[in-house]
Amino acid sequence: MSDSEQIKDDNAGNEKQLTDPDHEQAQNKRISDQDELLREQTEYLYQIKNHFVPEPTEDSEQEKRWKKYIAVVAAKICLVVTGILALWDVGTWYINHLQVKHMARRYATVANEMYYQENNPQVALSFIDRAIELDDKNAEFRYMQAYINGMAAVRQLLNLDRPYTKTELDQAHQSLAQAIFLERIKKKRPEPHILKGQIYLALKEYGRALNEINLAISFDEKNEYAYVRLGTLLAEKGESDKSLEAFKKAIEINPNSKWGWLWTGIVLTQQKKDIPGAREAYRKAIEIDGRFDLAWYNRGMTWLTGEKNYEKARELLEKATTLNPDYKEAYYALGMVYGYQNQYEIAKVYMDKAIALDDKFLTAFKWRGIIWGELGNLKESLSDFNKAIELDPKNAGLYLRRAKAYEKLGQLDNAIRDLRFSLEIEPGKGRTLLYLGNVFLQAGEHLKALEYYNQSLKIRKDYDEAYAQMAKACAALNQIDKAIDAVSTAIKITTYQPERFYLQRGKLYERAGRKDLALSDYCEARNLQSGYSDAWLLEAKLLKDSGKIAASLIAVNRYIEQRPQDKDAQRLRDELLKLEKEPRDQNL
């Protein structure tokens, strides 16, 4: 069949379907089914929409009231919770605030104890500074800080052994300003007036100082410290009896007043010369406070100013340095202990320590200069005296000491210049006249030397050193008997190192041919000072000349124990050993 024929057959079939009733009915049914399906799908879509995005509906009045009530309750709960949290924070802050203030008060309490009980203003200030950091609005803390600062500065001025510098004078005025500031903050309190009194005392303005201390007492008649300050002021003025009354009053107010007992001891030592009474006062101060370094120091000094007990003095002074390693005066005093015993190397060590603590410690420079001279190092001796004179150019005694060094160096013109300048500063000084005599003695002007020695003795009749030097001038003039009489007088009246005068007289006796008396004096000298090597050597030589070989050998060996490098002494010993063997060889 051809294609055209096939097309004709298909068209004929289609025409038949269009005109067939059954076919039309089936078609209508399909359309109806499709409409129903679309309707159902649309309904399902609306249901899905309403499930996920429900259409808004208006709330009932009851629902609205419940929602409002719940919102109010929730807000109130939030406010209560917020308030509780805020109160918790405030309470925590307040507790912390109270704890900080309590801690600040503790720091202040420690500062007070360190200042008044331990006498340590540096540590006291560090604690009061900490208290102020914690509570910077506390006026009492700042009051205490200013007071301790001022008193610490004044303490340094009061302890100076030289004129104060411009810087130190400015510190005094700064302390005075602090005292005035304190006085204006809180009137009718004793502390500002005590501070002002101390400043005026340091500046030697005794009248103003007394007025201020009396004001302090008028504001607080039970102020122990004010009475102690009054006593120190009266002592400085030389009114020892009144000063002791003031200390007695301080002790009545406070039986545990270590300061009252300390200053009682100082006045008894320095002005009343009552050494046993002073030691008892220091003992009571130490009994109150076993760590009271000032009391240990002053008690030790009584064994140097009174009878010389060097071991006891050393023990007490070392205790003071143990309690206070920065105690420069105690190191200086220990240097004196060893210097008095001619142990100059050790003495210098302690003077070095004192100067290391204070490079303006005039007294230590002076005594180290003396020690250098004893050690034979005159260059260093002059250097220390020069330093001391820089610190106090109007100190007559320093020119005296430097003149001594010049004399030993043979610079006699310089020595005389210093001595005469010293006399200009301090006319009629017996020691200066003595030293002038020594210079002329060394220059060979023996009669001029005797003239100065006699002038010195007119001023001070019990001057042992002047008698001893007079003996040297008489000996130079071959007046041996006069020389022996003069040095014998020195021995009778001396209170310091009598062994040196026994040695001098022994040489004079030996020169006069009175060997037994000479030997007796040499023995007395080394008995008084076992380490006195010169006495042992002179004894050994005299014994050898007297034929007492065994005794001479003992003496020279004791000398070599002190000076093992002395070649002459070694040769003497060897000679004595040979002499000791000779009789044995002859007996064989």
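Residues numbered from 1 in each chain as written. Predicted model: local features only at pLDDT ≥ 70, side-chain atom pairs only at ≥ 80, totals over all residues. Heavy atoms only, no water.

*Asks:* I keep staring at the overall build of the chain and nothing clicks. Help me out?
*Replies:* Secondary structure summary: the chain contains 29 helices and 0 strands in total. Among the 588 residues that make up the chain, the fraction classed as buried is 42%. For the chain, contacts bridging at least 24 residues in sequence account for 49% of all contacts bridging at least 6. Of the roughly 34,000 Å² that the chain leaves accessible, carbon and sulfur atoms contribute 51%. (Helix = DSSP H or I, 4+ residues; strand = E, 2+ residues; numbered from the N terminus. Buried < 20%, exposed > 50% of the residue type's maximum accessible area, 1.4 Å probe, protein only. Contact = heavy atoms within 4.5 Å. Areas by Shrake-Rupley, 256 points an atom, 1.4 Å probe, with all protein chains shown as cover.)

*Asks:* Looking at this model, I keep getting lost on the packing of helix H10 (residues 240-253) against helix H11 (residues 258-270). Mind explaining?
*Replies:* The relative placement of two packed helices comes down to the angle between their axes together with the axis-to-axis distance. Relative to each other, H10 and H11 sit at 160°, their axes nearing to 9 Å. It follows from the interaxial angle that H10 and H11 lie roughly antiparallel. Along this stretch, H10 crosses H11, giving a crossing that reads as left-handed. Counted together, Ser240, Ser243, Leu244, Phe247 and Ile251 of H10 and Gly260, Trp261, Trp263, Thr264, Val267 and Leu268 of H11 form the full contact between these two elements. Broken down by class, the residue content of the contact of H10 with H11 amounts to 7 nonpolar, 4 polar and no charged. (Axes fitted to C-alpha atoms, helices over the stretch in contact; angles between N-to-C directions. Parallel < 35°, antiparallel > 145°, perpendicular 65-115°, else oblique. Left-handed = near helix turned anticlockwise from the far one by under 90°. Nonpolar A, V, L, I, M, F, W, Y, C, P; charged D, E, K, R; others polar.)

*Asks:* Is there a simple way to think about the nonpolar core in this case?
*Replies:* Taken as a class, soluble globular proteins show a tendency for nonpolar side chains to be buried jointly. Core analysis: the biggest nonpolar cluster contains 96 residues, and Ile128, Tyr147, Leu195 and Leu262 have the highest contact counts within it. Sequence-distant contacts of Leu262, that is, excluding residues within four places in its chain, are made with Tyr282, Ala285, Phe292, Leu294, Ala295 and Asn298. Judged by nonpolar contacts, the second largest core, of 54 residues, contains Leu412, Tyr435, Leu508 and Leu519. (Core = buried A, V, L, I, M, F, W, Y, C linked by side-chain atoms within 4.5 Å.)

*Asks:* I'm lost on the packing of aromatic side chains in this one. Help?
*Replies:* The relative placement of two aromatic rings is captured by the distance of their centres and the angle of their planes. Enumeration over the complete set of coordinates arrives at 10 aromatic pairs. Centre to centre, the rings of Tyr107 and Phe127 are 5.8 Å apart; their planes meet at 45°, and the pair counts as tilted. With a gap of 20 residues between them, Tyr107 in helix H3 (residues 61-116) and Phe127 in helix H4 (residues 121-134) connect regions that are remote in the sequence. Classification of Tyr107 as partly exposed rests on a relative accessible area of 23%. Since its relative accessible area comes to 27%, Phe127 is described here as partly exposed. Residues Tyr340 and Tyr496 carry aromatic rings whose centres are separated by 5.4 Å and whose planes lie at 70° to one another, so their mutual orientation is edge-to-face. One end of the pair, Tyr340, is in helix H15 (residues 328-340); the other, Tyr496, is in the loop between helix H24 (480-493) and helix H25 (499-511), and 156 residues separate them in sequence. Each member of the aromatic cluster is reached from another via a ring pair, and the members are Tyr310, Tyr340 and Tyr496. Taking NZ or CZ as reference, Lys258 lies 4.5 Å from the ring centre of Phe292, over its face. A cation over an aromatic ring shows up here: Arg460 above the ring of Tyr463, its NZ or CZ 4.2 Å from the ring centre. (Phe/Tyr/Trp six-rings, centres within 6.5 Å; stacked < 30°, edge-to-face > 60°. Lys NZ or Arg CZ within 6 Å of the ring centre and 35° of its normal.)

*Asks:* Explain the confidence of the model for the chain here, please?
*Replies:* One rule of thumb: low pLDDT means the predicted coordinates there are not for detailed reading. Per-residue confidence for the chain averages 86 on the pLDDT scale, and 83% of its residues sit at or above 70. Below a pLDDT of 50 lies the segment residues 1-19, which in the model reaches 3 contacts outside its immediate sequence neighbourhood of four places, other chains included. (pLDDT = per-residue confidence, 0-100.)

*Asks:* How should the side chain of Glu168 be read in this particular structure?
*Replies:* Mapped onto the elements of the fold, Glu168 is located in helix H6 (residues 166-185). One polar contact links Glu168 to Arg162, side chain to side chain, over a distance of 2.8 Å. In this structure, Glu168 is in contact with Leu157, Leu160, Arg162 and Pro163, ignoring residues within four places of it in sequence. (Polar contact = N/O pair within 3.5 Å; in protein donor to acceptor, adjacent residues only side chain to side chain.)

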